Amino acid sequence: MSKEIIYFGDPMCSWCWGFAPTIDRINHDYADSAPLSIVLGGLHAYDSDPMSDEYKATIKHHWEDVNRATEAEFDYRFFDRDGFVLDTEPACRAAATVRRMDKTKMLGFYESVSRSFYSENKDTTSPDTFKALADEASLNVEEFSRLFESDEMKQETLNDFRMAQSLGVTGFPTLVVMEGDGDNQKLAMLTAGYQPYQNLKPVIDHWLEHGLEETAQ
């Protein structure tokens, strides 16, 4: 029976940035027994209005909470920007594009987008930022750019958003475990929201040993 861990997240989600060390360890430790897949959530996808001062204050408060809980690094100069539109669809689409090109590089690229946004104050709504990160990941930048701008990848990214919505995933990070094959696949929530690795490891281990029916969710 196949088993898989599905990570629902957004590279421009602050709690997902704080969750990066946890998901890295899960990906490393369970790659053989329960490979990791990533579904893009679209936290603020298709936003079109510039951030107001009140919106910035709310987001900054979230960043401060994440920093206290996880020690993730943030560059608060971001809040000096004027007229920034917090549309996370391009960042999600960039990660989906890398998944299409080389699935093994997706998590690293996803986290490089988070790093660029949160700790380096880069514009992660700009294709130029993603092309630089694709180059950093030793991907073909021309192929990346072509795919990123395609209607096909826009639709694939939207399909990710719809999958998250269809499963009732409303916050990120969320981890879902899946077991079974074909029409007999079963899904269960592992965590909705940030958790450190030491909290998740025993639950994953129990699931892998006993299966979903005997794993408390």
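Provided above is the structure to which this section pertains.
Cut-offs and rules
- Numbers given for residues are sequential positions, taken from 1 along each chain in its written order.
- Totals for whole chains, interfaces and linings use every residue, but because this is a predicted model, local features are given only for residues with pLDDT of at least 70 and side-chain atom pairs only at 80 or more, for both listing and counting.
- Hydrogens and waters are ignored; side-chain quantities use all the structure's heavy atoms.
- Put simply, DSSP H or I for four residues or longer makes a helix, DSSP E for two residues or longer makes a strand, and each gets a number counted from the N terminus.
- Here the globule rule reads 2.2 Å times residues to the power 0.38, and the radius of gyration is calculated from C-alpha atoms.
- Using a 1.4 Å probe on the protein chains alone, a residue whose accessible area is under 20% of its type maximum counts as buried, one over 50% counts as exposed, and one in between counts as partly exposed.
- Contact between two residues is taken to exist if any of their heavy atoms lie within 4.5 Å; hydrogens are not considered.
- For helices, the fitted line uses only the C-alpha atoms of the stretch in contact; every axis is such a line through C-alpha atoms, and the angle between N-to-C directions lies from 0 to 180 degrees.
- Working definition: roughly parallel below 35 degrees, roughly antiparallel above 145 degrees, roughly perpendicular at 65 to 115 degrees, and oblique for all remaining angles.
- A clockwise turn of the near helix away from the far one marks a right-handed crossing, whereas an anticlockwise turn of less than a right angle marks a left-handed crossing.
- When residues are grouped by polarity, Ala, Val, Leu, Ile, Met, Phe, Trp, Tyr, Cys and Pro land in nonpolar, Asp, Glu, Lys and Arg in charged, and all others, Gly among them, in polar.
- Paired strands are those between which DSSP finds at least two bridges.
- For a helix, the expected span equals 1.5 Å multiplied by the residue count minus one.
- Residues with no salt bridge and a relative accessible area higher than 30% make up the patches, which join like charges within 9 Å and nonpolar side chains (Val, Leu, Ile, Met, Phe, Trp, Tyr) within 5 Å.
- Surface exposure here means Shrake-Rupley accessible area, sampled with a 1.4 Å probe, where a residue is shielded only by the protein chains that are shown.
- A pairing counts as a salt bridge when a side-chain nitrogen of Lys or Arg comes within 4 Å of a carboxyl oxygen of Asp or Glu.
- Read the arc as the range of directions from the helix axis to the C-beta atoms.
- Under this definition, polar contacts are N or O atom pairs within 3.5 Å; protein pairs additionally need one hydrogen-donor-capable and one acceptor-capable atom, and for neighbouring residues in sequence, both atoms have to be side-chain atoms.
- Stacked, tilted and edge-to-face pairs are distinguished by plane angle, under 30 degrees for stacked and over 60 for edge-to-face with tilted covering the rest, among Phe, Tyr and Trp rings (Trp via its six-membered ring) whose centres lie within 6.5 Å.

Peer 1: Summarise the overall build of the protein chain; cite the residues concerned and give the values.
Peer 2: Helix and strand counts for the protein chain come out as eight helices and four strands. When the helices and strands of the protein chain are listed from N to C terminus, the series reads β-α-β-α-α-α-α-α-α-β-β-α. Its C-alpha atoms give the protein chain a radius of gyration of 17 Å, near enough to 17 Å, the size a compact globule of 217 residues would have. Dimensions of the protein chain along its principal axes, counting C-alpha atoms only, are 50 × 40 × 30 Å. Within the span of the protein chain, comprising 217 residues, buried residues form 50% of the whole. Sequence-distant contacts in the protein chain: of pairs separated by 6 or more residues, those separated by 24 or more amount to 74%.

Peer 1: Go over the packing of helix α1 (residues 14-29) against helix α2 (residues 53-70), please, and point to the residues and values.
Peer 2: Where α1 meets α2, the closest approach of the two axes is 9 Å, and the angle between their N-to-C directions is 15°. On the basis of the axis angle, α1 is roughly parallel to α2. Note that α1 runs across α2; the crossing there is right-handed. Contacts between α1 and α2 involve S14, W15 and G18 from the first element and H62, W63, D65, V66, A69 and T70 from the second. Classifying every residue of the contact of α1 with α2 gives four nonpolar, four polar and one charged.

Peer 1: So, the pairing of strand β4 (residues 186-192): which residues are in play, and what are the values?
Peer 2: Pairing between strand β3 (residues 174-179) and β4: six bridges, direction antiparallel. Bridge pairing in β4 links E179 to K186.

Peer 1: Lay out α2 with the relevant residues and their values.
Peer 2: Residues separated by three or four positions in an α-helix point in the same direction, a consequence of the helix having 3.6 residues per turn. Between the first and last C-alpha of α2 there are 26 Å, a value that for 18 residues agrees with the 26 Å anticipated at 1.5 Å per step. Its buried side turned inward, α2 meets α1 and α4 (106-118). Taken from the residues just after α2, E71 is the one with a positive phi, measuring 65°.

Peer 1: Please set out a nonpolar patch on the surface residue by residue, giving values where relevant.
Peer 2: A cluster of nonpolar side chains, M163, L167 and L187, forms an exposed patch at the surface whose accessible area comes to about 230 Å². Note that M163 resides in helix α7 (residues 151-166). Here M163 falls in the partly exposed class, since its relative accessible area comes to 33%.

Peer 1: Go over helix α6 (residues 141-148), please, and point to the residues and values.
Peer 2: Of all the positions in α6, only F144, L147 and F148 are classed as buried. For α6, the angular spread of the buried residues around the axis is 100°, confining them to a single face. Turned more than 90 degrees away from the buried face of α6 sit E142 and R146, all of them exposed. Tucked into the core, α6 has its buried residues touching α3 (89-101), α4, α5 (127-136) and α7.

Peer 1: Can you lay out the side chain of T191 for me, pointing to particular residues and giving the numbers?
Peer 2: Tracing the backbone through its elements, the reader meets T191 in strand β4. A polar side-chain atom of T191 sits 3.0 Å from the main-chain carbonyl oxygen of G193. Those residues in contact with T191 that sit more than four places away from it in its chain are P173, T174, L175 and L200.

Peer 1: Quick rundown of the environment of A57? Include the residues and the values.
Peer 2: As for its placement among the helices and strands, A57 is situated in helix α2. A57 gets classed as partly exposed once you look at its relative accessible area, which sits at 48%.

Peer 1: Which residues make up the packing of aromatic side chains, and what values do they have?
Peer 2: Taken as a whole and assessed by the stated rule, the structure comprises 22 aromatic pairs. Centroid distance F78 to F117: 5.2 Å. Interplanar angle 75°. Geometry classified as edge-to-face. Of this pair, F78 sits in the loop between α2 and α3 while F117 sits in helix α4, and the two are 39 residues apart along the sequence. Aromatic ring contacts, followed pair by pair, group W17, W63, F74, Y76, F78, F79, F84, F117 and Y118 into a single cluster.

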